[in-house]
Amino acid sequence: MQKLFLPVAVILLLCSFNSADSPLKGSWEYRGGIINGKLDAAPTAYKLQRDYDNEHYKAKVIEEGEKTQIYEKGDYQLKDDTCFETQTYCMQESKLLNKTIKYNYTISNDTLKLLSVLPNGNKVEDYWVKLK
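Residue positions are counted from 1 within each chain, in the order its sequence is given. Two thresholds apply to this predicted model, a pLDDT of at least 70 for residue-level local features and 80 or more for giving and counting side-chain atom pairs, whereas whole-chain, interface and lining totals are computed over all residues. Note that water and hydrogens are dropped before the side-chain values are worked out from all heavy atoms of the structure.

### Considerations on the overall build of the chain
- Of the regular secondary structure elements, the chain holds one helix and nine strands.
- In sequence order, the secondary structure elements of the chain are arranged as α-β-β-β-β-β-β-β-β-β.
- Three labels apply to residues, based on accessible area from a 1.4 Å probe with only protein chains included: buried if under 20% of the type maximum, exposed if over 50%, partly exposed otherwise in between. The buried share among the 132 residues of the chain stands at 27%.
- Long-range pairs, those at least 24 residues apart, make up 31% of the contacts in the chain between residues at least 6 apart in sequence.
- Surface accessibility of the chain: about 9500 Å² in total, with carbon and sulfur atoms responsible for 54%. Only runs of H or I of at least four residues qualify as helices and only runs of E of at least two qualify as strands under DSSP, and these elements are numbered from the N terminus. Note on definitions: a residue-residue contact is assigned when non-hydrogen atoms from the two residues lie within 4.5 Å. Computed with the Shrake-Rupley method and a 1.4 Å probe, the accessible areas treat only the protein chains shown as cover for residues.

### Details of the pattern of salt bridges
- Note on definitions: salt bridges are taken to be side-chain nitrogens of Lys or Arg within 4 Å of carboxyl oxygens of Asp or Glu. Counted under the stated rule, the structure contains six salt bridges.
- With its nearest N and O atoms 3.5 Å apart, the salt bridge here joins D21 to K25.
- For D21, a relative accessible area of 47% corresponds to the partly exposed category.
- Here E72 makes a salt bridge to R50, at a shortest N to O gap of 3.7 Å. Here E72, found in strand β5 (residues 69-79), pairs with R50, found in strand β3 (residues 47-52); they are 22 residues apart in sequence, far enough to count as distant.
- One connected set of salt bridges, linked through shared partners, spans R50, E72 and E85.

### So, the side chain of K60
- Relative to the elements of secondary structure, K60 occurs in strand β4 (residues 56-62).
- Here K60 falls in the buried class, since its relative accessible area comes to 16%.
- Here a polar contact means two N or O atoms within 3.5 Å. Within protein one must be a hydrogen donor candidate and the other an acceptor candidate, and residues neighboring in sequence count only if both atoms are side-chain atoms. Separated by 2.7 Å, the side chains of K60 and D51 make a polar contact.
- Here K60 is in contact with K47, L48, Q49, D51, T68, Q69, I70 and Y71, once residues within four sequence places are set aside.

### Examining the pairing of strand β8 (residues 111-117)
- Residues L112, L114 and S116 line the buried face of β8, whereas the alternating positions T111, K113, L115 and V117 sit on a face that is not buried.
- Pairing between strands is defined by DSSP: at least two bridges between them are needed. Where strand β7 (residues 100-108) folds back onto β8 in an antiparallel hairpin, the turn is made up of two residues, including N109, whose phi is positive at roughly 55°.
- As defined by bridge partners, β8 adjoins strand β9 (residues 123-130) across seven bridges and the pair is classed as antiparallel. Residue T111 lies in a different strand from β9, and its bridge partner there is V129.
- With antiparallel pairing between neighbouring strands as the criterion, β8 and β9 make up a hairpin whose turn holds five residues, including G121 at a positive phi of roughly 95°.

### Some thoughts on the environment of D21
- Among the structural elements, D21 can be located in the loop between α1 (2-16) and β1 (26-35).
- Within the structure, D21 has its side chain in polar contact with the side chain of N54 (distance 3.2 Å).

Structure follows, in structure tokens:
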């Protein structure tokens, strides 16, 4: 009986660790936002989409009849209500490359709201809807 206790205790200990997925995991589509207090409508000619796994994201431009382009990639970490994103690739010149940006985030129903003050001083509030 004692020989059985140790393996069972080890298994229970390992199972007690939470390996839950990130709440951002999945695909999200941009639905507009606010930049420096001014409404920024979602584009109508194309869609902006972000795909998150547990540690990385990639941002895509999807335009009908065109090949989907990845315009940005990066890493992220969540701590409480804060998302720290580090852009590791951008198809255009970027002043944010390899810089970590702090976003406050909330998820309500299927909407992700990201709020930040970017290094250039712009205040942004982006809205993304989770795709099913």
